[in-house]
Amino acid sequence: MLLTSDTMPLASAAIDRAAHHRLETDWLDAAFKAPDVLVCLFQNGMPLVQDNGGLLWLGAQAASLSGIGERLFLGKDKTGAAIFALDMTLAFKLAAAPIAGLGDFTEARMAFGAMSPMDANLASTARSLFEWHKAHGFCANCGAASAVREAGWKRACPSCEREHFPRTDPVAIMLAVSGDKCLLGRQSLWPAGFFSCLAGFIEPGETVEQGAVRELLEEAGIRSNAASAEYLFAQPWPFPSSLMMGLIIKAETEDITVDKTELDEARWFTREEARAIIAGTHAEVFAPPEMAVAHHILRVWSERES
Ligand SMILES: [Zn+2]
């Protein structure tokens, strides 16, 4: 399967965000109560999902729930129905609500993997924004309490009038390769046998490729060539607001020196081994699940002949 940024898990089947409605408060209020509205719920970073794993969509009855915190306008579906997400406050008790029994708030990483592509994209967008609001209640310029604006897509400070926009933090996630070998690493907290691509946040003043080169050197002692970096695809990763930029990059050295504060181990694997890891048949090593971009970077390289 040919994968692009547009078909990446958590990014695919994106809807019309209809951003022009974000300033239309009357339109938003009416749309929220319209008979065809679609509303999903979050609490504490967790989406409300049905027993079958699908995101639970409520209609106009959502407006009558008590304990609604932030309300986010996500956009419109193909029929023109407005889509909202609600971040329920901790005062909202699901078991005592009129929607009790329809679903449960579920840990997001687990939940997203079981959702349809569109639901996973919407839920992942909502989670990222809700987590941003939670951590940015006060103006970074003057310290006053800021307020939600534009249907959840902005905060504004009533004191100094500074506007604040949701974060998207670029991360280079890269597979360093040397001939027929690729470099994978693992952190000490990961399950035994779990290896993945190396990754790190891009710093100010860096390109994605330069960030990848720096991280490889810092984490594994591997020198690589920024000009050789091949960009594959990107994935929004809402834990809480990363944009993973997937690269394959040529290593110029093979001796590994692991920075133990970052990684527990890094190791070279042959292409044959990489194929087995992706197929789930490697004797001791397994890869990230298909929901994660690292899986697809490794798969793309493993499927190449050279
Ligand atoms: Zn301010």
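Note that the structure is predicted; figures quoted are calculated from it, not measured.

## With respect to the overall build of the protein chain
A tally of regular secondary structure across the protein chain gives six helices and 14 strands. Against the 2.2 N^0.38 benchmark of 19 Å for 306 residues, the protein chain shows a C-alpha radius of gyration of 22 Å, consistent with a compact globule. Reported as C-alpha extents along the three principal axes, the dimensions of the protein chain are approximately 60 × 45 × 35 Å. Taking all 306 residues of the protein chain together, 35% fall into the buried category.

## Quick look at the environment of V213
Positionally, V213 belongs in helix α4 (residues 208-220). Owing to 25 C-beta atoms within 10 Å, V213 belongs among the buried residues under this scheme. It is 8.9 Å that separates the C-alpha atoms of V213 and A229, two residues lying 16 residues apart in sequence.

## Examining α4
Helix length check: α4, at 13 residues, gives a terminal C-alpha distance of 18 Å against a target of 18 Å (1.5 Å per residue), a fit within 8%. Buried within α4 we find V208, E209, G211, A212, V213, E215, L216, E219 and A220. The secondary structure elements touched by the buried residues of α4 are β9 (169-178), β10 (181-186), β11 (198-201), β13 (242-250) and β14 (265-270). Within two residues after α4, G221 carries a phi angle of roughly 70 degrees, on the positive side.

## Considerations on the sheet that holds strand β3 (residues 68-76)
With mixed pairing, the five strands of this open sheet are ordered in space as β3-β4-β1-β2-β5. Each having just a single partner strand, β3 and β5 (104-105) make up the two edges of the open sheet. In this sheet, strand β4 (residues 82-88) lies alongside β3 in antiparallel orientation, the contact comprising six bridges. Looking at β4, one finds that L72 is bridged to A85. Along the sheet, helix α3 (residues 117-135) contacts β1 (38-43), β2 (46-49), β3 and β4; its crossing angle with β3, the most-contacted strand, is approximately 140 degrees.

## What about the packing of helix α5 (residues 271-279) against helix α6 (residues 293-303)?
Viewed as axis vectors pointing N to C, α5 and α6 meet at an angle of 130 degrees, and their least axial separation amounts to 9 Å. In terms of orientation, α5 lies oblique with respect to α6. In terms of crossing hand, the pair formed by α5 and α6 is left-handed. Of α6, the residues touching α5 (which contributes R271, A274, R275, I277 and I278) are L298, R299, W301 and S302. By residue class, the composition of the contact of α5 with α6 is five nonpolar, one polar and three charged.

## Focus: unusual backbone geometry
At the junction of F239 and P240, the peptide bond is cis and its omega measures out at 0 degrees in the coordinates. In this structure, A13 is a non-glycine residue whose phi angle is positive, near 60 degrees. By the element assignment, A13 lies in the segment before α1 (25-32). A positive phi angle, near 60 degrees, is found at A151, a position not held by glycine. By the secondary structure assignment, A151 is in the loop between β6 (147-149) and β7 (154-156).

## A look at the nonpolar core
Among soluble globular proteins, nonpolar side chains are generally buried collectively. Core analysis: the largest hydrophobic core is formed by 79 residues, its most contacted members being I173 and M174. Among the domains, domain 1 (5-135) and domain 3 (169-301) are the pair contributing at least three residues each to this core. Once residues within four sequence positions are removed from consideration, I173 is found in contact with C197, A199, M244, M245, G246, V293, A294 and I297.

## Notes on the environment of G53
Assignment of secondary structure puts G53 in the loop between β2 and β3. Residue G53 is classed as partly exposed on the basis of its C-beta count, with 16 C-beta atoms lying within 10 Å. Separated by 51 residues in sequence, G53 and D104 place their C-alpha atoms 9.7 Å apart. Discounting chain neighbours no more than four positions away, the residues touching G53 are A114 and M115.

## Some points on the sheet that holds β7
Taken in spatial order, the three strands make up an open sheet running β6-β7-β8, and their pairing is antiparallel. Each having just a single partner strand, β6 and β8 (163-164) make up the two edges of the open sheet. Of the strand pairs in this sheet, β7 and β8 are connected by two bridges, and their pairing is antiparallel. Looking at β8, one finds that A156 is bridged to E163.

## Some thoughts on the domain arrangement of the protein chain
For the protein chain, the domain assignment lists domain 1 (5-135), domain 2 (137-167) and domain 3 (169-301). Look at where the C-alpha atoms of domain 1 and domain 2 centre, and you get two points 22 Å apart. Tallying the contact residues gives ten residues for domain 1 and seven residues for domain 2. Only β3 and α3 provide two or more residues apiece to the side of domain 1 that touches domain 2. For the side of domain 1 that touches domain 2, the element with the highest residue contribution is β3, accounting for four residues. Residue classes in the side of domain 1 that touches domain 2 are distributed as six nonpolar, one polar and three charged.

Here is what the cut-offs are and how they apply
- One numbering rule holds for all chains: residues counted from 1, following each sequence as written.
- Only residues with pLDDT of 70 or above have their local features reported here, since the model is predicted, and side-chain atom pairs are shown and tallied only from 80 upward, although totals for entire chains, interfaces and linings are computed over all residues.
- Every helix listed is a DSSP run of H or I at least four residues long, and every strand listed is a run of E at least two residues long, numbered separately from the N terminus.
- In this description the radius of gyration comes from C-alpha coordinates, and the expected globular size is given by 2.2 Å times residues to the power 0.38.
- Exposure classification rests on a simple neighbour count of other C-beta atoms within 10 Å of a residue's own: a residue reaching 20 or more is buried, one at 12 or fewer is exposed, and one in between is partly exposed. C-beta atoms are placed from the backbone.
- One less than the number of residues in a helix, times 1.5 Å, gives the span that helix is expected to have.
- Think of it this way: build a C-beta for each residue from its backbone, and any pair within 7 Å is a contact.
- In this description, strands pair whenever DSSP reports at least two bridges between them.
- The angle between two axes is taken between their N-to-C directions and runs from 0 to 180 degrees, where each axis is a line fitted to C-alpha atoms and a helix contributes only its stretch in contact.
- These descriptions rest on fixed angle ranges, namely under 35 degrees for roughly parallel, over 145 for roughly antiparallel, 65 to 115 for roughly perpendicular, and the rest for oblique.
- Put simply, a crossing is left-handed when the front helix is turned counterclockwise from the back one by less than a right angle, and right-handed when it is turned clockwise.
- When residues are grouped by polarity, Ala, Val, Leu, Ile, Met, Phe, Trp, Tyr, Cys and Pro land in nonpolar, Asp, Glu, Lys and Arg in charged, and all others, Gly among them, in polar.
- A set of buried residues drawn from Ala, Val, Leu, Ile, Met, Phe, Trp, Tyr and Cys, joined through C-beta atoms within 7 Å, is what defines a nonpolar core.
- Throughout, the edges of the domains are those of an automatic or database domain assignment.

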